[in-house]
Amino acid sequence: MKRIILLILTAMVCGNLAAQSDTVYLKRKTAVYIKQSIAPVTLIGAGMFMKLNKNGFNDLSVKKSVTETYPNFHTHADDYLRFAAIPMIYGVDWLGVKAKTDIKNRTAILLKAEAMMWISVTLLKNSTHVIRPDGTDDKSFPSGHTAQAFLGAVMLQREYGSRSIWYPVAGYTIAASVGALRIANNRHYTSDVLVGAGIGMLSANLAYWTHRYKWNKNVTVMPAYSNRSAGVYFSMTF
């Protein structure tokens, strides 16, 4: 009888400790998600401010300034730069700098992120019908080019950011350049670019948050703290 009681008490203590550990883990994971959401949510909020603000600094004031300063500016560089991070996500690994995620899971994450980004951008374009600054069509809001560029920048940061800060710096510099070129080309308003950037970042983060790593259970996604049962690490940066 004493042995049974001891076993029951031991099981209760272990169960309580496990529950406490799971609670701490969930709190930490939630904190990570919130931290990773700050930048994209801020960008989306800033974009909505630019679009809805009727006085002072807004979409129209930026458009007027840009067209007056660069009246004949035109380039197709943004059409290509938006995809620049994709070959880097695979090429850097091929050059010997090991990514945080193996190629199968990395590809699955990329495809999920692309699908979420494309659906979000397409739905907004087809429901808002915002006329482009150059008047060519009503698919201005948000910027799909910018969303694509920032999606790639987030993946580059997550996969190689722990190796060197210059990988995410390169990714975000290219992404920001794409957004600036969309405005300079008179294809998008500032709000389109800011919201597009936020959507791209959120899509990439959501793809990582929801991925199950079915091909490699022991993959290390980012250095931080680990789930004791799954061995999955979560980044403490956005």
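Conventions adopted
- Residues numbered from 1 in each chain as written.
- Predicted model: local features only at pLDDT ≥ 70, side-chain atom pairs only at ≥ 80, totals over all residues.
- Heavy atoms only, no water.
- Buried < 20%, exposed > 50% of the residue type's maximum accessible area, 1.4 Å probe, protein only.
- Helix = DSSP H or I, 4+ residues; strand = E, 2+ residues; numbered from the N terminus.
- Arc of directions from axis to C-beta.
- Axes fitted to C-alpha atoms, helices over the stretch in contact; angles between N-to-C directions.
- Parallel < 35°, antiparallel > 145°, perpendicular 65-115°, else oblique.
- Left-handed = near helix turned anticlockwise from the far one by under 90°.
- Contact = heavy atoms within 4.5 Å.
- Nonpolar A, V, L, I, M, F, W, Y, C, P; charged D, E, K, R; others polar.
- Salt bridge = Lys/Arg side-chain N within 4 Å of Asp/Glu carboxyl O.
- Core = buried A, V, L, I, M, F, W, Y, C linked by side-chain atoms within 4.5 Å.

Draft legend 1. Inspection of helix α2 (residues 59-69) at higher detail. Taken together, the buried positions of α2 are occupied by D59, V62 and V66. Seen along its axis, α2 keeps its buried residues to an arc of 70°; they face one direction. Facing away from the buried side of α2 by more than 90 degrees, the exposed set consists of L60, K64 and E68.

Draft legend 2. Highlighting the packing of helix α5 (residues 103-128) against helix α6 (residues 144-160). For the pair α5 and α6, the least separation of the axes is 10 Å and the interaxial angle reads 155°. Relative to α6, the element α5 lies roughly antiparallel. For the element pair α5 and α6, the recorded crossing hand is right-handed. The residues of α6 that touch α5, namely those facing R106, I109, L110, A113, E114, M117, V121 and K125, are G144, A147, Q148, L151, M155, E159 and Y160. In terms of residue class, the contact of α5 with α6 is made up of nine nonpolar, two polar and four charged.

Draft legend 3. Focus on the pattern of salt bridges. Tallied over the entire structure, the rule returns eight salt bridges. With its nearest N and O atoms 3.7 Å apart, the salt bridge here joins D59 to K51. A relative accessible area of 7% means that D59 is categorised as buried. Taking the relative accessible area as the measure of exposure, K51 reaches 21% and is therefore partly exposed. Here D78 and R182 are joined by a salt bridge, their closest N and O atoms 2.9 Å apart. With D78 in helix α3 (residues 77-81) and R182 in helix α7 (residues 166-184), this residue pair connects regions lying 104 residues apart in the sequence. Residue R182 is classed as buried on the basis of its relative accessible area, which comes to 5%.

Draft legend 4. Representation of the environment of I131 within the structure. The topology assignment puts I131 in the loop between α5 and α6. Taking relative accessible area as the criterion, I131 reaches 47% and is therefore assigned partly exposed.

Draft legend 5. Summary view of the nonpolar core. Ranked by internal contacts, the top residues of the largest apolar core, which has 33 residues, are I109, M117, F150, L151, M155, Y172 and M201. Where this core is concerned, the elements lending two or more residues are α4 (85-94), α5, α6, α7 and α8 (190-210). With nine residues, α6 is the single largest residue contributor to this core. Leave out the neighbours within four places in its chain, and L151 touches L110, A113, E114, M117, G200, M201, S203 and A204. Among the nonpolar cores identified, the runner-up in size contains six residues, and M50, I183, V193 and L194 belong to it.

Draft legend 6. Representation of the packing of α7 against α8 in the model. At a closest axis distance of 9 Å, the pairing of α7 and α8 adopts a crossing angle of 150°. Classed by the angle they form, the pair α7 and α8 counts as roughly antiparallel. Viewed along their axes, α7 and α8 form a crossing whose handedness is right-handed. Together, Y172, G179, R182 and I183 of α7 and T190, V193 and M201 of α8 make up the contact between the two elements. Class assignment for the residues of the contact of α7 with α8 results in four nonpolar, two polar and one charged.

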